[in-house]
2 protein chains.
Amino acid sequence: MSAAFMPCNALGRRLARYAPLDETDLRAIERLCAVPRHRVPPRREFLREGDRPGAVQVLLEGWAQRLVLLPDGRRQITGFALPGDVLWRPSGAMRLDFSVIALTPAMIVPINAGAWDQIASESSGMALALARQERVAEAIERRWLVNLGQRTAFERLGHLFCELCHRLDTIGMVTRSDQSQSFAFPVTQVELAEATGLSPVHVNRVLREMRSEGLIRLEQRTLHLLKRQALAQRTLFDPAYLEP
Amino acid sequence: MSAAFMPCNALGRRLARYAPLDETDLRAIERLCAVPRHRVPPRREFLREGDRPGAVQVLLEGWAQRLVLLPDGRRQITGFALPGDVLWRPSGAMRLDFSVIALTPAMIVPINAGAWDQIASESSGMALALARQERVAEAIERRWLVNLGQRTAFERLGHLFCELCHRLDTIGMVTRSDQSQSFAFPVTQVELAEATGLSPVHVNRVLREMRSEGLIRLEQRTLHLLKRQALAQRTLFDPAYLEP
DNA sequence: CGATGATTTGATAAGCATCAATAACCGTGG
DNA sequence: CCACGGTTATTGATGCTTATCAAATCATCG
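Quantities reported herein were computed from a predicted structural model and do not represent experimental measurements. (Residues numbered from 1 in each chain as written. Chains lettered and ligands numbered in written order. Predicted model: local features only at pLDDT ≥ 70, side-chain atom pairs only at ≥ 80, totals over all residues. Heavy atoms only, no water.)

1. Side note on the overall build of chain A
Under the convention used in this document: Runs of H or I in DSSP of at least four residues are treated as helices and runs of E of at least two as strands, each being numbered from the N terminus. Atoms considered for the radius of gyration are the C-alpha atoms alone. The globule rule reads 2.2 Å times the number of residues to the power 0.38. Should any heavy atoms of two residues lie within 4.5 Å, those residues are considered in contact. Under the convention used here, a 1.4 Å probe and the Shrake-Rupley method define accessible areas, while residue burial counts only the protein chains that appear.
Along chain A, the regular secondary structure elements total eight helices and 12 strands. In terms of overall size, chain A behaves like a compact globule, its C-alpha atoms giving a radius of gyration of 18 Å where 244 residues would be expected to give roughly 18 Å. Taken along the three principal axes of its C-alpha coordinates, chain A extends 50 × 45 × 30 Å. Taking the contacts inside chain A whose residues are at least 6 apart along the sequence as the reference set, 71% of them involve residues at least 24 apart. When the accessible area of chain A is evaluated, it comes to approximately 10,300 Å², of which 51% is carbon and sulfur surface.

2. Section: the protein's contact with DNA strand C
Condition: Near is defined per residue: the residue qualifies when any heavy atom it owns lies within 4 Å of the molecule or strand. In protein, a polar contact requires one atom able to donate a hydrogen and another able to accept it; more generally it is a pair of N or O atoms within 3.5 Å, and residues adjacent in sequence count only if both atoms are side-chain atoms.
Near DNA strand C there are 16 residues, and of these A:Leu198, A:Ser199, B:Gln189, B:Asn204 and B:Arg208 occur at the shortest range. Sugar and phosphate atoms constitute 73% of the interface atoms of DNA strand C, taking the interface as everything within 4 Å of the protein. Between DNA strand C and A:Ala153, the relevant distance is 3.2 Å, taken from a phosphate oxygen to a main-chain nitrogen or oxygen of the residue. Residue A:Gly197 places a main-chain N or O atom 3.4 Å away from a phosphate oxygen belonging to DNA strand C. Secondary-structure elements contributing two or more residues to the surface near DNA strand C are helix H7 (200–212) of chain A together with helix H7 (200–212) of chain B. Looking at which element gives the most residues to the surface near DNA strand C, the answer is H7(B), with five residues.

3. Considerations on the side chain of A:His159
Residues and elements named next belong to chain A. Definition in use: The rule is simple: take the accessible area with a 1.4 Å probe, protein chains only, and divide by the maximum for that residue type; under 20% is buried, over 50% is exposed, in between is partly exposed.
Locating histidine 159 in the fold gives a position in helix H5 (residues 153–169). Classification of histidine 159 as buried rests on a relative accessible area of 1%. A distance of 3.4 Å separates polar atoms of two side chains, one belonging to histidine 159 and the other to asparagine 147. Engagement of the side chain of histidine 159 in a polar contact is seen with the side chain of arginine 151, the distance being 3.0 Å. In contact with histidine 159, other than residues within four places in its own chain, are Arg143, Asn147, Arg151, Thr235, Leu236, Phe237 and Tyr241.

4. Topic: the domain arrangement of chain A
All names here are of chain A. Put simply, the rule is: Domain start and stop points were drawn from an automatic or database domain assignment. Joining two parts hides part of their accessible area as seen by a 1.4 Å probe, and the buried area is that hidden amount summed over both. Each reported salt bridge corresponds to a side-chain nitrogen of Lys or Arg within 4 Å of a carboxyl oxygen of Asp or Glu. Each residue gets one label: Ala, Val, Leu, Ile, Met, Phe, Trp, Tyr, Cys and Pro are nonpolar, Asp, Glu, Lys and Arg are charged, and the others, such as Gly, are polar.
When its domains are assigned, chain A resolves into domain 1 (3–138) and domain 2 (151–242). Across the contact, 16 residues belong to domain 1 and 18 residues belong to domain 2. Both faces considered, domain 1 and domain 2 share a buried interface measuring about 1,600 Å² in area, 61% of it formed by carbon and sulfur atoms. Per-residue buried area on domain 1 facing domain 2 is highest for Trp63, Phe80 and Leu82; these three make up 37% of the total on that side. A salt bridge links aspartate 85 to arginine 167; its shortest N-O distance comes to 3.0 Å. One can count eight residue pairs in polar contact (both at pLDDT 80 or more) joining domain 1 with domain 2. If you list the elements that add at least two residues to the side of domain 1 that touches domain 2, you get helix H1 (10–18) and strand S5 (75–81). Ranked by residues supplied to the side of domain 1 that touches domain 2, first place goes to S5 with five residues. Of the residues belonging to the side of domain 1 that touches domain 2, the class tally is eight nonpolar, three polar and five charged.

5. Details of the relation of the copies chain B and chain A
What counts is decided by this rule: In superposing the copies, a least-squares fit is computed on C-alpha atoms, taking residues whose pLDDT is at least 70 in both.
Superposing chain B onto chain A takes a rotation of 180 degrees plus a shift of 0.0 Å along the axis, which leaves an RMSD of 0.0 Å. Both copies of the chain, as the preceding transformation shows, are related through a two-fold rotation axis. Interface overlap between copies: 100% of the residues of chain B at the interface are likewise at the interface in chain A, consistent with a symmetric, same-surface contact.

6. Here we look at helix H2 (residues 23–33) of chain B
One full turn of an α-helix is made of 3.6 residues, so residues set three or four places apart face in the same direction. Residue and element names in this part refer to chain B. Quick reminder of the rule: Note that the arc is defined by the directions from the helix axis to the C-beta atoms.
Listing the buried residues of H2 in full gives Asp25, Leu26, Ala28, Ile29, Leu32 and Cys33. Angular distribution of buried residues about the axis of H2 spans 155 degrees; they occupy a single face of the element. Facing away from the buried side of H2, by more than 90 degrees, are the exposed residues Thr24 and Arg31. Elements that come into contact with the buried residues of H2 comprise helix H1 (10–18), strand S8 (106–111), helix H3 (113–122) and helix H4 (124–150).

In structure tokens form, the structure reads like this:
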């Protein structure tokens, strides 16, 4: 496709996956991102439920988690954001209905909402790419909902691993070796529990089970999917919803 | 607000809630909907996972459910759609990642995607209303996810009832009498189970519990919330995420 | 009024949470 | 280099929530 241009930031790389973008589009993305960026240390909450950010918030580097906090302290992670993901699009002065917390050192760029909309309206390629990215983001949340509602603990975790591997693969963050694929995985077991609606203890047990079956290896903050095919099969992972 | 114009269809009524619309906007909505509509009988699946509808699909009358079906037969309802809700916006030729099934006799209108986008780009009021409606729809799904991940069976069902009551209230489909509010409720206990990730048997038990506490009455396909305040409190329902 | 689907109830088992305690790991400073 | 405190991971024991299976009752409607 547009590999010739080698877009320099994660947003460009991501959008180019959803629709063919020409050189003008990629330069427009560059201009959008040519504003002061925020560096965020790991575990810092940098967007807060109730905030009304005026700009589009894009994650350029690192991982982040969306979190909903209940008044009694229960926590639900509703999604993991990866480089190139849009964290929030303001509409009028709507309040955020979730918080966002960095999982690694992260870089955020606040993009002027008017400029964002204008670029979408001037290039049909950009409009399509942005719309598709939104649809995929919605599909990911819907799948997560299916996980929580219908799947066993084993399936929830395995499905999550497969999904993350797939998403990371499309932005070149997965290393292949033999049958196995591996990637940096900055998520603790407690956070996995908050994401999957399980207790940390049970997450640990299921991970041990996966390990003992030779499906995964998780060490040094690196996750190895040793038999991705088998894992995808056992967890009913079908990547159709991730593809435009 | 714009009560003076009395928009005649559900889409107009809904959008007017999210941003002030002028007479031109409301007439534009009317024109959009002035195309052949589809009548759908209850329990008919009228959009199918994998389809690539070319038009924006809007529910004008009746209730519908979004459903994700797993290969082994497990079913998860990921949302209930009410009159005025957008069921799907096409982006390129993206595939639906869920099915939609009518719960009551329903009326669907397929709106030309180009005309939809154009109207949004010509009126800032419409653009805002549409964007806000999308944000709210996303927030509803996120809340549902929190329900499945963190809440007890009692909370899941009660929260769902409060949410539906709130949404129905904004389109005038709730009857108030004394402290209680009631509305037509075309959802079976099996479907409630598929929506909340519980078994039908357990849904039944929890409903009985709510009834015995005098919180609800559910009969003749009508749901009465007898003490909505109490129910909202016990189920940690906070309508902030539903409001623009 | 029989037939079909929806709701209700009981009994049992599985899955997962909870509590408690220990072990490994990691960055920090002595 | 080692000691140290905090975070993260691991394991065992126990019990609650909820699923599952089976069957009876209740509605609804042609």
